[in-house]
Each structure stands twice: as C-alpha cells, then as structure tokens.
Amino acid sequence: FLPPELKTLSIHDNNFMGDLPVEIGSLSELEHFSAANNDLTGVLPTEIGLLTKLQSLDLGNNDLSGMIPMESGNLSNLRKIDISH
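Description of the structure in this document. The model shown is predicted, which means the values in this text are computed figures rather than measured ones.

Okay, the overall build of the chain next. A count of helical and extended segments in the chain gives zero helices and seven strands. The C-alpha radius of gyration of the chain comes to 12 Å, within 12% of the 12 Å expected for a compact globule of 85 residues. The principal-axis extent of the C-alpha atoms belonging to the chain is close to 25 × 25 × 20 Å. Sorting the 85 residues of the chain into buried and exposed places 31% on the buried side. Per element, the accessible surface of the chain, about 5000 Å² overall, is 55% carbon and sulfur.

Laid out in structure tokens, this is it:
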C-alpha cells in the first residue's frame, strides 16, 4: 500500500470515493493526514487509533457517517481535527 515510515499523506480534492481503507492503520509514523473534499463514505475505521503519532487529521467535506471510534482516544498527539461536512 504505502511505506509505513510516511509522515504526511495529503490526498484532498481528488474525488476519491468509498470507505477509508483499514490499511491506514499500518502507517505508524503518520503525523499529518488530509483527505478532505472527496466523496469518502462509511465510518472511520477503528484502525485510525493505531496512528499514535498523528498530529492533524482533516477529513472535512466528505460523506462519512457513524460514531468516532473509541480507539481514536489513543491519538494523544492529535492537535487538529476536522471532520465537518
């Protein structure tokens, strides 16, 4: 999929569709993730909680639904989050 040492992943404004893949959890060094302004659907995978180095998460302007996973409580370095619609 992507190298696990990746620190920044920016895939915003690309018209990506579907669920956020559970493989996102394998990016253990990820600090900044932006997938805003796409057509992502479904719920946030629980694997998001494995991104313990994540500092910013931008998933705004998608069609995500459901609850924020309890595992997101593991994101102790998270300083910025946008999941607005």
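Here strand S2 (residues 17-19) pairs with strand S4 (residues 39-42) via three bridges, running parallel. Along S4, the bridge assignment pairs aspartate 19 with threonine 41. Taken together, the two bridges between S4 and strand S6 (residues 63-64) define a ladder with parallel strand orientation. Residue pairing in the sheet places threonine 41 in a bridge with aspartate 63 of S6.

Okay, the sheet that holds strand S7 (residues 80-82) next. The four strands are arranged S1-S3-S5-S7 in an open sheet whose pairing can be described as parallel. Looking along the sheet, the strands with just one partner apiece sit at the ends: strand S1 (8-10) and S7. Ignoring which end each strand starts from, the neighbouring axes of this sheet average 5° apart. The sheet contact formed by strand S3 (residues 32-34) and strand S5 (residues 56-58) spans three bridges and is parallel. Within the sheet, the bridge partner assigned to phenylalanine 33 lies in S5 and is leucine 57.

Ranked by size, the top nonpolar core spans 15 residues in total, and within it Leu20, Ile24, Leu30, Phe33, Leu51, Leu54 and Leu59 carry the most contacts. Residues within four places of leucine 20 in sequence aside, it is in contact with Phe33, Leu40, Thr41, Leu44, Pro45, Ile48 and Leu59.

Pairing within the open sheet is parallel, and its three strands lie in the order S2-S4-S6. Edge positions in the open sheet fall to S2 and S6, since each of these has one partner strand only.

One can find serine 34 in strand S3. The class of serine 34 is buried, set by a relative accessible area of 14%. With residues up to four places along the chain from it excluded, the contact list for serine 34 reads Leu9, Ser10, Ile11, His12 and Asp58.

Reading guide: rules and limits
Residues numbered from 1 in each chain as written. Predicted model: local features only at pLDDT ≥ 70, side-chain atom pairs only at ≥ 80, totals over all residues. Heavy atoms only, no water. Helix = DSSP H or I, 4+ residues; strand = E, 2+ residues; numbered from the N terminus. Rg over C-alpha atoms; globule rule 2.2 N^0.38 Å. Buried < 20%, exposed > 50% of the residue type's maximum accessible area, 1.4 Å probe, protein only. Areas by Shrake-Rupley, 256 points an atom, 1.4 Å probe, with all protein chains shown as cover. Pairing = 2+ DSSP bridges. Axes fitted to C-alpha atoms, helices over the stretch in contact; angles between N-to-C directions. Core = buried A, V, L, I, M, F, W, Y, C linked by side-chain atoms within 4.5 Å. Contact = heavy atoms within 4.5 Å.

The analysis is restricted to geometry; functional conclusions fall outside its scope.
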